[in-house]
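This is what each chain is made of:
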Amino acid sequence: MMGNTRSITALMMAVLLLHFVVSFSTKTTDINTDQSTLLALKAHVVSDPQNFLTTNWSVYTSICNWVGVTCGSGHQRVKVLDLFNMSLSGTIPPDIGNLSFLTWLDIGYNNFQGLLPVQLTNLHRLNFISMSDNNFYGEISSWIGYFPKLQCLSMSNNSFTGPIPSDMCDRLPTLKELYLSDNKLSGKIPIGLFKCKVIL
Ligand SMILES: *[C@@H]1O[C@H](CO)[C@@H](O)[C@H](O)[C@H]1NC(C)=O
Ligand SMILES: *[C@@H]1O[C@H](CO)[C@@H](O)[C@H](O)[C@H]1NC(C)=O
Ligand SMILES: *[C@@H]1O[C@H](CO)[C@@H](O)[C@H](O)[C@H]1NC(C)=O
Ligand SMILES: *[C@@H]1O[C@H](CO)[C@@H](O)[C@H](O)[C@H]1NC(C)=O
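The rules behind each value
- All residue numbers refer to positions counted from 1 along the written sequence of the respective chain.
- Chain labels run from A onward and ligand labels from 1 onward, assigned in the order the entries are written.
- For this predicted model, a pLDDT threshold of at least 70 governs which residues receive local features, and a threshold of 80 or more governs which side-chain atom pairs are given and counted, while totals over whole chains, interfaces and linings are taken from all residues.
- Note that water and hydrogens are dropped before the side-chain values are worked out from all heavy atoms of the structure.
- Secondary structure elements follow DSSP: runs of H or I of four or more residues count as helices, runs of E of two or more count as strands, with numbering from the N terminus.
- In what follows, a contact means two residues having at least one pair of non-hydrogen atoms within 4.5 Å.
- Residue exposure ignores everything except the shown protein chains as possible cover, and the areas themselves are Shrake-Rupley values with a 1.4 Å probe.
- It suffices for a single heavy atom of a residue to lie within 4 Å of a molecule or strand for the residue to be listed as near it.
- Whenever a nitrogen or oxygen atom comes within 3.5 Å of another N or O atom, the pair is scored as a polar contact, on the condition that within protein one atom can donate a hydrogen and the other can accept it, and that pairs from neighbouring residues in sequence are kept only if both atoms are in side chains.
- Each residue gets one of three labels, nonpolar for Ala, Val, Leu, Ile, Met, Phe, Trp, Tyr, Cys and Pro, charged for Asp, Glu, Lys and Arg, and polar for the others, Gly among them.
- Every case where a carboxyl oxygen of Asp or Glu lies within 4 Å of a side-chain nitrogen of Lys or Arg is listed as a salt bridge.
- Categorising residues by exposure relies on relative accessible area from a 1.4 Å probe, with only protein chains included: less than 20% of the type maximum marks a residue as buried, more than 50% marks it as exposed, and the intermediate range marks it as partly exposed.

**Considerations on the overall build of the protein chain**
Right, so step 1: The helix and strand inventory of the protein chain stands at 3 helices and 12 strands.
Right, so step 2: For the protein chain, the share of sequence-separated contacts (at least 6 apart) that also reach a separation of at least 24 residues comes to 54%.
Right, so step 3: Of the roughly 11100 Å² of accessible surface on the protein chain, 60% is carried by carbon and sulfur atoms.

**So, the site of ligand 4**
Right, so step 1: Taken together, Asn 110, Asn 111, Asp 133 and Asn 157 make up all the residues around ligand 4.
Right, so step 2: Here Asn 157 contributes a side-chain N or O atom positioned 2.3 Å from an oxygen atom of ligand 4.
Right, so step 3: When the free accessible area of ligand 4 is taken as 360 Å², the share hidden by the protein chains comes to 48%.
Right, so step 4: Residue composition of the shell around ligand 4, by class: no nonpolar, 3 polar and 1 charged.

**A look at the site of ligand 1**
Right, so step 1: Ligand 1 sits among Asn 56, Asn 65 and Val 67.
Right, so step 2: The fraction of the free accessible surface of ligand 1 (360 Å²) that becomes covered by protein chains is 39%.

**Some words on the pattern of salt bridges**
Right, so step 1: In total, this model carries 2 salt bridges according to the counting rule given.
Right, so step 2: Put simply, Arg 77 and Asp 34 hold a salt bridge, and the shortest N to O gap is 2.9 Å. Placement of Arg 77 in the loop between β2 (69-71) and β3 (78-82) and of Asp 34 in helix α2 (residues 31-43) is noted, with a sequence separation of 43 residues between them. Per residue, the accessibility class of Arg 77 equals that of Asp 34, and both read buried.
Right, so step 3: One salt bridge connects Asp 167 with Arg 171, and the closest N-O pair in it is separated by 3.0 Å.

As structure tokens, this is what we get:
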């Protein structure tokens, strides 16, 4: 009887522990996470001469109404972030990796600089990334992880250095367009690149 009670107690503790582990690991992101992500991005913008974000990205309106932001119609999560040609200067914070529903990221034609955060690799739904015409630097391989749906990657006209990763096509199996011109890349074009179905 004693042993039975003890094993029931043990079982209950195991269930409690499991419950804790499950609820902890499935702690989901939501629209509030998306809002804090975008506010973190706004805080990293040091210059916004045309006031695109300054007044428009206000906590008094839904992020789905913010300029450059499009939410999914069903789940109301940020699906598209399009800040193309807004004359923005600043850096991209690691928080960007929390926009879990992002499929389209266009920060091209601004004055963003610095390293791209490795947290970008968390965004497995992305099918379009453009950061062309900025001042990003660092090696390509430091942030290109595995993007299973990425169709277009545009990085031209920045200050990226180092080699083109030879396993790029394994990391980007659905890639159709790749733009790398006007950087400071070195080395040969890896033979592995021909595995991509890229049309330039
Ligand atoms: C922000 O910009 C969007 C798109 O241009 C516009 O529809 C919205 O009314 C603006 N919101 C504010 C608070 O200015
Ligand atoms: C950027 O926007 C300005 C207007 O603010 C426009 O004159 C210019 O053509 C745009 N550039 C590109 C590359 O779209
Ligand atoms: C988002 O990501 C950052 C860094 O990657 C993390 O420190 C932060 O806690 C996350 N924010 C939320 C609201 O989940
Ligand atoms: C490179 O990008 C800058 C904006 O960051 C732009 O002014 C310049 O014209 C671009 N150069 C080329 C060769 O496209």
